[in-house]
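Descriptive structure summary
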Amino acid sequence: MIKRKKPDTIKEMRETLEGLPSPFYTKNISDQTIQDIIATVGGYPYTDEIGDPESDCVYNKACDQWWRDLEDAANYHGIPYYEDMED
């Protein structure tokens, strides 16, 4: 049985992006852009029973693929990394 995970809130997604090892700077990024990222990676379904381990780990943010998708979405939307910000 496949259920939908409750998508992250805008606040939660900002915290996730800001908390990465190479954090993104989200201060000047609109809520709509963050919502677009949530729509891309934040609402993946997950299984509540043992299923395909590859899919399950993506759906539960427990493997690299979810994090790569998140980073790709942030890059697509032009969110800068802190390290790229001018002093």
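Before reading on, note that the structure itself is shown above.
Heads up: these notes are all about the structure in this document.

The rules behind these values
Residues numbered from 1 in each chain as written. Predicted model: local features only at pLDDT ≥ 70, side-chain atom pairs only at ≥ 80, totals over all residues. Heavy atoms only, no water. Helix = DSSP H or I, 4+ residues; strand = E, 2+ residues; numbered from the N terminus. Buried < 20%, exposed > 50% of the residue type's maximum accessible area, 1.4 Å probe, protein only. Contact = heavy atoms within 4.5 Å. Areas by Shrake-Rupley, 256 points an atom, 1.4 Å probe, with all protein chains shown as cover. Phe/Tyr/Trp six-rings, centres within 6.5 Å; stacked < 30°, edge-to-face > 60°.

A short note on the overall build of the chain
- A tally of helices and strands in the chain yields four helices and two strands.
- Of all 87 residues assigned to the chain, the portion counted as buried reaches 37%.
- Contacts in the chain between residues far apart in sequence, at least 24 positions, make up 70% of those at least 6 positions apart.
- Carbon and sulfur atoms provide 50% of the accessible area of the chain, an area that totals close to 5700 Å².

Comments concerning the packing of aromatic side chains
- Applying the stated criterion to the full structure yields two aromatic pairs.
- Pairing phenylalanine 24 with tyrosine 81 gives two aromatic rings, centres 4.3 Å apart and planes at 25°, and the pair type is stacked. One end of the pair, phenylalanine 24, is in the loop between helix 1 (10-18) and helix 2 (31-42); the other, tyrosine 81, is in the segment after helix 4 (64-76), and 57 residues separate them in sequence. Grouping residues by exposure puts phenylalanine 24 and tyrosine 81 together as buried.
- On the numbers, 5.1 Å between centres and 90° between planes, the contact of tyrosine 25 with tyrosine 82 is edge-to-face. Of the two residues, tyrosine 25 is situated in the loop between helix 1 and helix 2 and tyrosine 82 in the segment after helix 4; the sequence distance between them amounts to 57 residues.

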